[in-house]
Every structure is written in structure tokens, then in C-alpha cells.
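Below are the chains, spelled out letter by letter.
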Amino acid sequence: MWIFGWKGQSGFSARSTAEEVTEGIDAAGLTAIVTGATSGIGVDTTRVLALRGAHVVMAVRNVEAGKKLKESILKEIPSAKIDVIQLELSSMASVRKFATEYIDSCLPLNILINNAGIMAPPFSLSPDGIELQFATNHVGHFLLTHLLLDTMKKTARESNREGRIVIVSSDGHKFAYSEGIRFDKINNEAEYNCYRAYGQSKVANILHAKELARRLKEEGVNIMANSLHPGEIATNLGRNNGLLNAISNSFIKYLLKTSSQGAATQIYVALHPQVKGVSGEFFKNSNISETGTAPAQDEELAKQLWDFSMKLINT
Ligand SMILES: NC(=O)c1ccc[n+]([C@@H]2O[C@H](COP(=O)([O-])OP(=O)(O)OC[C@H]3O[C@@H](n4cnc5c(N)ncnc54)[C@H](OP(=O)(O)O)[C@@H]3O)[C@@H](O)[C@H]2O)c1
């Protein structure tokens, strides 16, 4: 429990920070992409990966903000290796452009952290005509992972080091529509509920990791895929929703995790030796955890989502 900081099997708790869960870990020689690195827990994820020696590529939609953050991290960690590349996840053209730029750079890729997200905006469609939360939180990351997978496989083979794909979901997956994913109603504005649609996109994150893990295992590839809930942190996530924004800026923020505590689980899953060989799991507070609902555990739904997403990215 958060207030008491009870430790789980890993020896870490909800109170553990990103620094604590990576203490003594040398990430030199590893290259990582972090999406949504300009705000919230993406910032501390980038900073602590760099602190441990990883080369971090910030995949961000606001390049100026990315460059500013890079400069501030360099002041604190002069040895930090950081690049900034533009990525707008709600646009498949932008995701394809990012992937081409990345592949052309010939950088290896050991770690992909699909962290960016939006929560509970009013209904709108992405440039590709997909409900914005599903497009940003799931489809953009699904396409990104798909396009970078060969680079990750090559890196894992040549370096003989395990690759890790870390997909940031949320306990908000429990708010999803009862069927988990409404394949036939993704763009149905009349029945849109901003919280349920957020939950739906976060169920998709969990199922994406599960099905990806299953496929990688079947293929015998040395890459692990896991999803997680980072905890509750006062970030900019509520910016598109008056109620959430007010809550994040009220006294409640003092009861929530700090940004470094919020970044801990994803950086633990990305770097910690305890996670070696672990795939298809859901993590919370830097420990393996149960997902909260039947759809999030449904392997058939995961396969259905995979086929649905493949069709979306190929249209
Ligand atoms: N905060 C929490 O309590 C909480 C709880 C559970 C799960 N999460 C998950 O944690 C992750 C990080 O959220 P956060 O709390 O750190 O929120 P945040 O402060 O709002 O940061 C989100 C990041 O995602 C980026 N982003 C949003 N839409 C994007 C797009 N279309 N293309 C590219 N980047 C985009 C944002 O870029 P800009 O800065 O340019 O807008 C920002 O850098 C999300 O996946 C969220 O669902 C958070």
C-alpha cells in the first residue's frame, strides 16, 4: 500500500524511486526510446535512464520542449547521451517518419518505452480518423513497435542482450467498457464516454503487451514485452479534462506519488535484472501484479485486437 510503502517480492514498493530501483545498474551500451519524454513521468524516465548510462532517444511531439529538457538533464548529468526526434503518435504518417529517421540513423535499439498518453479529452478523431485516445495511446504505439521490431531483433541478436518493450498502461483499464474493446464502436461519438474510452485504450496497452510477448516467445526472439500501471502521479495528464485538471492541482497532489516514484516501475521493468526473461506480465509498484478485469486477461481478445490493429495500420 502506497502510504505504508509495503515492499513486494522484488524488494521495492510504491514509495521506491526510479533512482532506487536502478541503484547499481549499469545501462552503458544500451539504447532506449522513451515516448512522451517531455512531461510527467517521461521526464524522470529519461533522466534516470541517462543517469545509469543509457543512450536515450526522446520521442516527442514538441521538439523545442524536448531540446530544453535535454539541456537541463545535461546540466545535471554532463555525460548524458540524449537525442530528440519528433513523434506525433496520433498521426500514422508521423510515426512512420519517426521510424524511418530512427532506422536511417543506424542506432541499435535495446529498450522501447511506450509511455506517452492522453486522458479523457472530449471526443475527437485523429488525423487518420480514429478516436483520439485509442489512436494516441494504442494505435500509434502499436505501429511504432511494429516498425521498430526488426531493429530490436537485430540489436538483441548482435549484442546478445535481451531487448525490452515496456508499455505504460494504467489501473484506469478497469474503467473500460464492459467488453473491454468495442471494435465496432471505436468511433461512435454518440456513445463516447471519455473515461471509458481511456480505459479501453489502456486495456489495449495490456493486451498489446500480452499478445506481443506470446508472439516473440513463439518466434524464439530474445525480446520481452510487459505492461504496467505507474501509480497515481500529479502530472499534466488531466490537461484535457477540467475535472481531472482541478483534482491534479488540488491538495490531492500531495497524497500522490512523486514523478520519480511514478517513473520507477517502467524503469524497473526496462532495466532491472530481476525482470530478465519475464514477458507478458503486468507490473505495479515495481512488482508483478494482477490485472483487474477479465478483458485485460483475455487471450482471445488480445489476438482480436492484434488483427484489428494490423488492419488499421495497413489502411
Ligand atoms: N499520471 C498518472 O497518475 C498516471 C496513472 C496511470 C497511468 N498513467 C500513464 O502514464 C503515461 C504518462 O503520463 P503522464 O502522467 O506522465 O502524463 P503527461 O504529463 O501528460 O505526459 C504525457 C506525455 O505524452 C505526450 N503525448 C501526448 N499525446 C501525444 C501524441 N499525440 N504524440 C506524442 N506524444 C504525446 C505528451 O506530450 P506533450 O507534453 O507535448 O503534450 C507528454 O510528453 C501515460 O501513458 C498515462 O496513461 C499515468
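I will try to describe carefully the structure that is included in this document. (Residues numbered from 1 in each chain as written. Predicted model: local features only at pLDDT ≥ 70, side-chain atom pairs only at ≥ 80, totals over all residues.)

### Side note on the overall build of the chain
Stage number 1. A count of helical and extended segments in the chain gives 9 helices and 8 strands.
Stage number 2. A compact globule built from 315 residues would reach a C-alpha radius of gyration of about 20 Å, and the chain, at 18 Å, matches this within 12%.
Stage number 3. With the principal axes as the frame, the chain shows a C-alpha extent of 50 × 45 × 40 Å.
Stage number 4. In the chain, which comprises 315 residues, the proportion classed as buried is 51%.
Stage number 5. Long-range contacts, defined as pairs at least 24 residues apart, comprise 76% of the intrachain contacts of the chain with a sequence gap of at least 6. (Helix = DSSP H or I, 4+ residues; strand = E, 2+ residues; numbered from the N terminus. Rg over C-alpha atoms; globule rule 2.2 N^0.38 Å. Buried ≥ 20, exposed ≤ 12 C-beta atoms within 10 Å, placed from the backbone. Contact = placed C-beta atoms within 7 Å.)

### Observations regarding the packing of helix α6 (residues 194-219) against helix α9 (residues 299-313)
Stage number 1. Interhelical geometry of α6 versus α9 gives an angle of 95° and a closest axis separation of 9 Å. With respect to each other, α6 and α9 are oriented roughly perpendicular. In this structure, α6 uses A204, L207, H208, K210 and E211 to contact α9, whose residues at the interface are E299, L301, A302, K303, L305 and W306.
Stage number 2. The class makeup of the residues in the contact of α6 with α9 is 6 nonpolar, 1 polar and 4 charged. (Axes fitted to C-alpha atoms, helices over the stretch in contact; angles between N-to-C directions. Parallel < 35°, antiparallel > 145°, perpendicular 65-115°, else oblique. Nonpolar A, V, L, I, M, F, W, Y, C, P; charged D, E, K, R; others polar.)

### Observations concerning the sheet that holds strand β4 (residues 111-114)
Stage number 1. If you trace the 8 strands from one edge of the open sheet to the other, you get β3-β2-β1-β4-β5-β6-β7-β8, paired in mixed fashion. The sheet terminates laterally at β3 (81-86) and β8 (287-289), the two strands that pair on one side only. Across the sheet, the axes of successive neighbouring strands diverge by a mean angle of 25°, strand direction being ignored.
Stage number 2. With 6 bridges connecting them, strand β5 (residues 163-168) and strand β6 (residues 223-229) associate as parallel partners. Looking at the pairing, R164 lines up with M224 of β6. (Pairing = 2+ DSSP bridges.)

### Some thoughts on the pairing of strand β1 (residues 31-35)
Each regular strand shows side chains that alternate between the opposite faces of the sheet.
Stage number 1. Where burial is concerned, most of β1 is hidden: 5 out of the 5 residues are buried.
Stage number 2. Alternating positions in β1 separate into two faces, T31, I33 and T35 on one and A32 and V34 on the other, with burial throughout.
Stage number 3. Where β1 meets strand β2 (residues 55-60), 5 bridges bridge the pair, whose relative direction is parallel. Paired with A32 across the two strands is V56, which belongs to β2.
Stage number 4. Between the parallel pair β1 and β2, the chain is carried across by helix α2 (residues 41-51), and the sense of this crossover is right-handed.
Stage number 5. Here β1 runs beside β4; their pairing, made up of 3 bridges, is parallel. Bridge pairing in β4 places I33 opposite L112. (Right-handed = clockwise from strand over helix to strand, strands pointing away.)

### Topic: helix α4 (residues 92-104)
Stage number 1. Here α4 contains 13 residues, and its C-alpha end-to-end distance of 18 Å stays within 8% of the 18 Å for a straight helix at 1.5 Å per residue.
Stage number 2. What α4 keeps buried is the set M92, V95, F98, A99 and Y102. An end-on view of α4 places all buried positions within 120° of arc, on one side of the element. In α4, the exposed positions that point more than 90 degrees away from the buried face belong to A93, T100 and D104.
Stage number 3. Looking at the buried side of α4, the elements it contacts are β2, β3, α5 (132-159) and α9. (Expected span 1.5 Å × (residues − 1). Arc of directions from axis to C-beta.)

### Concerning the environment of T136
Stage number 1. As for its position among the elements, T136 is in helix α5.
Stage number 2. Classification of T136 by C-beta neighbours within 10 Å gives buried; the count is 24.
Stage number 3. Placed 130 residues apart in sequence, T136 and W6 show a C-alpha to C-alpha distance of 34 Å.

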